[in-house]
Amino acid sequence: MALSWTPQRTDDGSFTFFSEEFGEAFHSSRGARAEAFDKFAEATKLVERAKGDRLQLLDVCYGLGYNTAAALETVWATNPQCCVTVYGLELDPTVPEAATQPPLVDVWTPPLRSILQELAHAQQSQRPELEAHLLIGDARQTIQPLAQSGFQADAIFFDPFSPRRCPQLWTVEFFAQVAQCLAPGGILATYSRAASVRRAMQLAGLHIGSMPLPVGDGLPHEWSQGTVASLDVVDLPPLSPMEQEHLQTRAAIPYRDLTLQESPEAIAQRHQQEQAASSLESTSSWRRRWNIR
Ligand SMILES: C[S@@+](CC[C@H](N)C(=O)[O-])C[C@H]1O[C@@H](n2cnc3c(N)ncnc32)[C@H](O)[C@@H]1O
């Protein structure tokens, strides 16, 4: 585990880290804070949900706490009386700790800064309108007692490193645990639009929808900025015919982790073997058919 993190500024002035272990940045360079609002708070319809008295949130891969912070800011801007319960799952406690140093934490309002600091240092934060816990460890393990406790989230922010870098958190079996924590009518949001991820969600019993691109941001080879999922057929933005066909290709073979303890290498190797043995359409021929470069 890394002991020190070097902040990198993203385009909206907020910060991210780069993980040497996973070979990837924690956020898009276009804006870490903006991503938390657009891909997570907005995609899970928090403004609408905050009109009630209570909300329960699950932040899978808490990291710097941006998704939790953006959610709390969104909810309390709509309804300061809304009582929120949040569980964050994070492997490496040095990440939330490093994120509480100035100037990183200064991108949040003072009340949010205190909450992020308490979560990083004491793994919990309590207010009359907040009960927040940070569960440190492998999310594949920490989610199990949470799922068994009957915890039901109205919104789940699903934000691991990419499937290639961190396949263990994109498996059918892990999604099945996560789905157990989703309330009826609740929404899970993730930045991934990968067919393997979408298929894994379906096999875990979730209905899926696409996260449309922001208006005016339609690069020709982009088709979605992520995936939303729910236990029931709530009105999720539907997959386009192109995205539906993507789920019939070899790219849609999901990652598996039968014991929820397999190594990333073993998970990736099985996935590769299943893809090589598959008779499904190749993803390159799907790309050619839809003119995707
Ligand atoms: C893409 S970053 C998440 C960014 C975060 N949502 C934020 O707003 O800053 C992925 C996070 O997953 C954590 N992680 C990696 N493997 C994990 C595991 N098995 N269980 C829980 N967290 C894990 C990493 O330490 C990292 O903080």
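Computed from a prediction, not measured in an experiment: that's the story for all the values here.

Quick notes on the rules
Residues numbered from 1 in each chain as written. Predicted model: local features only at pLDDT ≥ 70, side-chain atom pairs only at ≥ 80, totals over all residues. Helix = DSSP H or I, 4+ residues; strand = E, 2+ residues; numbered from the N terminus. Rg over C-alpha atoms; globule rule 2.2 N^0.38 Å. Buried ≥ 20, exposed ≤ 12 C-beta atoms within 10 Å, placed from the backbone. Contact = placed C-beta atoms within 7 Å. Pairing = 2+ DSSP bridges. Near = placed C-beta within 6 Å. Nonpolar A, V, L, I, M, F, W, Y, C, P; charged D, E, K, R; others polar. Axes fitted to C-alpha atoms, helices over the stretch in contact; angles between N-to-C directions. Left-handed = near helix turned anticlockwise from the far one by under 90°. Core = buried A, V, L, I, M, F, W, Y, C linked by C-beta atoms within 7 Å.

Visitor: Would you mind going over the overall build of the protein in detail, with residue names and values included?
Guide: Each helix and strand in the protein was counted, giving eleven helices and twelve strands. Against the compact-globule benchmark of 19 Å for 293 residues, the protein has a radius of gyration of 19 Å, which places it among compact chains. Dimensions of the protein along its principal axes, counting C-alpha atoms only, are 55 × 40 × 40 Å. Looking at the protein as a whole, 42% of its 293 residues are labelled buried. Residue pairs in contact within the protein that sit at least 24 positions apart in sequence constitute 72% of those at least 6 positions apart.

Visitor: Could you give me a rundown of the pairing of strand E7 (residues 124-127), with the residues and numbers involved?
Guide: Sheet topology places E7 next to strand E8 (residues 130-136); four bridges connect them, and they run antiparallel. Note that in E8 the partner of Arg127 across the bridge is Leu130. Between the end of E7 and the start of E8, which pair antiparallel, lie two residues.

Visitor: Summarise the site of the ligand; cite the residues concerned and give the values.
Guide: Contacts to the ligand come from 19 residues, most closely from Cys61, Gly63, Leu64, Tyr66 and Leu91. Contributing elements (two or more residues each) for the shell around the ligand: helix H3 (66-78) and strand E6 (83-90). Taken together, the residues of the shell around the ligand break down into 13 nonpolar, two polar and four charged.

Visitor: Report on unusual backbone geometry, specifying residues and quantitative values.
Guide: Pro102 connects to Pro103 through a cis peptide bond whose omega is 5°. A positive phi angle is found at Leu260, which is not glycine, with a value near 60°. Mapping Leu260 onto the fold places it in the loop between helix H9 (241-246) and helix H10 (264-277). Of the residues examined, Leu260 has 17 C-beta atoms within 10 Å and is grouped as partly exposed. Here Asn291, not a glycine, exhibits a phi torsion of approximately 60°, which is positive. The class of Asn291 is exposed, set by 9 C-beta atoms lying within 10 Å.

Visitor: Give a detailed account of the environment of Ala34, specifying residues and quantitative values.
Guide: As for its placement among the helices and strands, Ala34 is situated in helix H1 (residues 32-42). Residues Ala34 and Asp11, spaced 23 residues apart in sequence, show a C-alpha to C-alpha distance of 9.3 Å.

Visitor: Go over the packing of helix H6 (residues 139-148) against helix H7 (residues 172-180), please, and point to the residues and values.
Guide: Two elements in contact, H6 and H7, have axes whose closest approach is 9 Å; the angle formed by their N-to-C orientations is 35°. The handedness of the crossing between H6 and H7 comes out as left-handed. Note on element contacts: H7 touches H6 through Phe174, Gln177, Val178 and Gln180, opposite Arg140, Ile143, Gln144 and Ala147.

Visitor: Could you give me a rundown of the nonpolar core, with the residues and numbers involved?
Guide: Residues Val60, Ala71, Ile156, Val178, Leu188 and Ala189 are the most contacted members of the largest nonpolar core, which totals 73 residues. By residue number, the principal contributor to this core is H3, which donates six residues. In this structure Ala189 touches Lys39, Phe40, Ala43, Thr44, Phe157, Phe158, Met211, Gly226 and Val228, once residues within four positions along its chain are discounted.

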